[in-house]
Amino acid sequence: MSTSPLSRRTVLAGTAAAAALTATPALQGRTHAAERAQLPANTYRWRTAVIGGTGFVTGVLFHPTVRGLAYARTDIGGAYRWDDRTARWTPLTDHLGWDDWNLLGVEAIAVDPAHPDRVYLALGTYSQSWAGNGAILRSEDRGATWTRTDLTVKLGANEDGRGTGERLLVDPRDSDTLWLGTRHDGLLRSTDRGATWKPADAFPAAPNPTGQGVTLLVAAGRTLYAGWGDADGTTATANLFRTADGTTWEPVPGQPAGTAAKVPVRAAYDRHTRELYLTYANAPGPNGQSDGSVHKLATATGRWTEVTPVKPGGTTEDGSADSFGYGGAAVDARRPGTVVVSTNNRWAAVDTLYRTTDGGRTWTSLKDSAVLDVSETPYLKWGEALPKFGWWIQAVAVDPYDSRHVVYGTGATLYGTRDLKRWAPQIRGLEETAVRQLISPPTGEAHLLSGLGDIGVMYHERLTASPSRGMATNPVFGSATGLAQAALEPSYVVRAGWGDHGNGAFSRDGGRTWAPFPAQPAIAKDAPGPIAANADGSVLLWSFVHWDGTRYPAHRSADNGATWTEVPSFPKGATPVADPADPAVFYAYDTDAGTLLASTDGGRTFAARATGLPSGDTQFKVVAAPGRSGDLWLSAKWNGLYRSTDGGAGFAKVDSCWASYTLGFGKAADGADYPAIYQVGSTETITAVYRSDDGARTWLRINDDRHQWGWTGEVITGDPRIHGRVYLATNGRGIQYGEPV
């Protein structure tokens, strides 16, 4: 990905084509065309197509001194602020751009009880060597504006343990002092409100380059506690430490040990009873937990009491093992001894919340009396008659001003209640989908079809409400791997993806309803990949790629999936592209060789055309311009943008941009003879969203510095019925769509 500094330049113009070529070497540097015109960047209104949640909400934090104010964090989709008056979440990190893609994962949130407008975020999605360092964002206006400090360590908001926490804390004795628990670099301390950080050298636990490190930080009065995720579960290694003066740390005496108390997951302090509640599991989660417990510490006396609601390890009615850990923990600030905890990774009996009003002596399962209303986000039924109470529940919060207002995060949404019985998604404004495919049909009720990570395919009859049909069923998919429409028969749509009851399906009503292919190649179950339908829908090409990247031969069907035959000449794992005007023609780009191949016999055989094109990256993409035969565009990242008008026999370099990551088309501007072109690319130093109304001779930047959404290189498409409307895939902020103001 580009590491260029950001720029506010919006338009770069130049000639659209160079001499035709059949062999183009990869660029050794950046070539910038001359800038001709400066057009205003802020000419678009950007909104999120409503689905509702769709990802793992890893933390929720009510402000302890401001009624109706809360914050939420996600593993890959940024942070949000809740406004109780509007019942809506506001995204706080959309300003993070292409180069900061690794900062869209939020490891932790902290608020300052003494200064209600202050909020802090610890950002960093991955801690591997290929990811950048983390950062701290600090705000004096509840996240409207931010000041940033780049860290020298990595954080891991989308790794194991992402539901523990919080790992960031404002010291209750001094608002200028903050503490940050890291995974691999120990405990850090700041004495200038997060502007600079140093190791807390007195912290006794030794960092582990592959461990969990500090899993939680919590204040109990003026004493700070830190959970440690790398103990072995025995009394020989402590997993909970404390400091009373901010300088010296010690293991907490008498702390629980054993497999069920190996990893401290969450903690909550009841200031009325002066008791600290902690949830534990045998692994950090959200996956891999099979044992756990709940304990409380009387901080005044040092006495520990186990208060586990139900011990893991029993059997369900069908004989399955009832294994799970414990996750979220929250106290009721208004009612002493009232606590809510969650189970986690309880797949057999389904996760629940347990609530006690007597300090843990007795517990009630809130799932048992819950009435779930998911009418606002129907996809949560997952093709079944009723929704599940939840899974991956590690975020739980109780409103400090309303004891009956409880919220909990799941792997797909955030549920809330105001009466402890009726629950509904409290998710408006929070969209976390990782988007894989987008189609804007030329006809029909829906202006958008989407293929998504984890939640399959959606038919968006409205952009301002979650699809009424929920996710596509018959069959239900997890992640979609392919979505295609027959250009001359747009009512015919096909999809592919990961599923337990089939991996491919077709629709004859534009994606409203589906039926599985009558048959599928054996490899489809283990390696479903991209799929294409030719222009009239009479031929399908299905490519196969395992999740680990292993590629397999493509297959062809000429009878709507009843029979399939292997296509040996198709490059393994490539994305098939149908010519939108000629049913006999398909294309494929061999990214290993840098070769464009074409078929003129309906996908039976493929032959090489242009060679020597950019190679070595499976994310290079070929798209075909609508309504034209042989008009192909190749986005080759920092190698640039290329165009062929002869079906891939020759390509010309487009010199009006130096990088192109994904490209699509929409309705032409009034008076224009070529479709509007949209791309995520770079015309000078910034990677942004652009539109061209003159065949790529000039580009207008159509997003702005407030709307960047991290990495956006997967797919973009315009609307064929509305000039200027564009749909953009993000990797954790759902489907963004923009329209000229």
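Up top is the structure.
Counting of residues starts from 1 at the beginning of each chain's written sequence and follows it residue by residue. Where local features are concerned, this predicted model is filtered to residues with pLDDT of at least 70; where side-chain atom pairs are given and counted, the filter is 80 or more; whole-chain, interface and lining totals use all residues. Derived side-chain values reflect all non-hydrogen atoms in the structure, with water molecules and hydrogen atoms excluded from consideration.

Colleague: Describe the nonpolar core, naming the residues involved and giving the relevant values.
Modeller: Side chains of nonpolar character tend, in soluble globular proteins, to be buried together. Nonpolar core, defined: a set of buried Ala, Val, Leu, Ile, Met, Phe, Trp, Tyr and Cys residues in which side-chain atoms within 4.5 Å join the residues together. Using a 1.4 Å probe on the protein chains alone, a residue whose accessible area is under 20% of its type maximum counts as buried, one over 50% counts as exposed, and one in between counts as partly exposed. Judged by nonpolar contacts, the single largest core of 36 residues is most densely connected at Leu 353, Tyr 379, Tyr 408, Trp 423, Leu 438 and Ile 735. Only β29 (396–398), β30 (406–409), β33 (435–439), β34 (448–452), β57 (726–729) and β58 (735–740) provide two or more residues apiece to this core. By definition in these notes, contact holds between two residues if any of their heavy atoms fall within 4.5 Å. The contact partners of Tyr 408, leaving out residues within four places of it in the chain, are Leu 353, Leu 372, Phe 389, Ile 393, Ala 395, Val 396, Thr 413, Leu 414, Tyr 415 and Trp 423. Strands are runs of DSSP state E lasting at least two residues, helices are runs of H or I lasting at least four, and both sets are numbered from the N terminus onward.

Colleague: Which residues make up unusual backbone geometry, and what values go with them?
Modeller: Residue Glu 166 is bonded to the preceding Gly 165 through a cis peptide linkage, with omega at 0°. Residue Gly 285 is joined to Pro 286 through a cis peptide bond whose omega torsion reads 5°. Locating Pro 286 in the fold gives a position in the loop between β19 (275–281) and β20 (292–298). Residue Arg 142 is not a glycine yet carries a positive backbone phi of 60°. Relative accessible area serves as the criterion here: at 26%, Arg 142 is assigned to the partly exposed category.

Colleague: Lay out the sheet that holds strand β3 (residues 69–74) in plain terms, naming residues and giving numbers.
Modeller: Ordered by their spatial adjacency, four strands build an open sheet running β2-β3-β4-β5, and the pairing between neighbours is antiparallel. Edge positions in the open sheet fall to β2 (57–62) and β5 (88–91), since each of these has one partner strand only. Each strand axis lies, on average, 25° off the axis of its neighbour in the sheet, ignoring direction. Two strands pair if DSSP finds at least two bridges between them. Geometry is summarised by axes, namely lines fitted to C-alpha atoms with helices restricted to the contacting stretch, and by angles between N-to-C directions that run from 0 to 180 degrees.

Colleague: Just give me the short version of the pairing of strand β24 (residues 325–331), but keep the residues and values in it.
Modeller: Counted residue by residue, β24 has seven buried out of seven residues, so it is predominantly covered. One ladder, built from five bridges, connects β24 with strand β25 (residues 339–344); its direction is antiparallel. Residue pairing for β25: Gly 325 is matched across the bridge by Asn 344.

Colleague: Give a detailed account of the layout of surface pockets, specifying residues and quantitative values.
Modeller: For the second largest pocket, the calculated volume is near 1100 Å³. Space inside and on the surface of the protein is sampled on a 1 Å grid over the protein atoms alone, with a cavity defined as a set of points where a 1.4 Å probe fits but cannot get out and a pocket as an open set with protein on both sides within 12 Å along at least 5 of 7 lines; lining residues have an atom within 4 Å of a point. In terms of lining, the second largest pocket is formed by 40 residues, of which the most central are Leu 61, Phe 62, Pro 64, Val 218 and Tyr 269. Those elements giving two or more residues to the lining of the second largest pocket turn out to be β2, β6 (106–112), β10 (168–170), β14 (214–220), β18 (263–270), β24 and β29. Looking at which element gives the most residues to the lining of the second largest pocket, the answer is β18, with five residues. Grid points are joined across faces, edges and corners, and a volume is the space filled by probe spheres set on the points.

Colleague: Quick rundown of the sheet that holds strand β48 (residues 621–624)? Include the residues and the values.
Modeller: Strand order in this open sheet of four strands is β48-β49-β50-β51, and the pairing throughout is antiparallel. Edge strands, defined here as strands with exactly one partner in the open sheet, are β48 and β51 (652–654). For this sheet the average axis-to-axis angle between neighbouring strands, irrespective of direction, equals 30°. Here strand β50 (residues 641–644) runs beside β51; their pairing, made up of three bridges, is antiparallel. Of the residues in β51, the one forming a bridge with Arg 643 is Ala 652.

In short, geometric facts, not functional conclusions.
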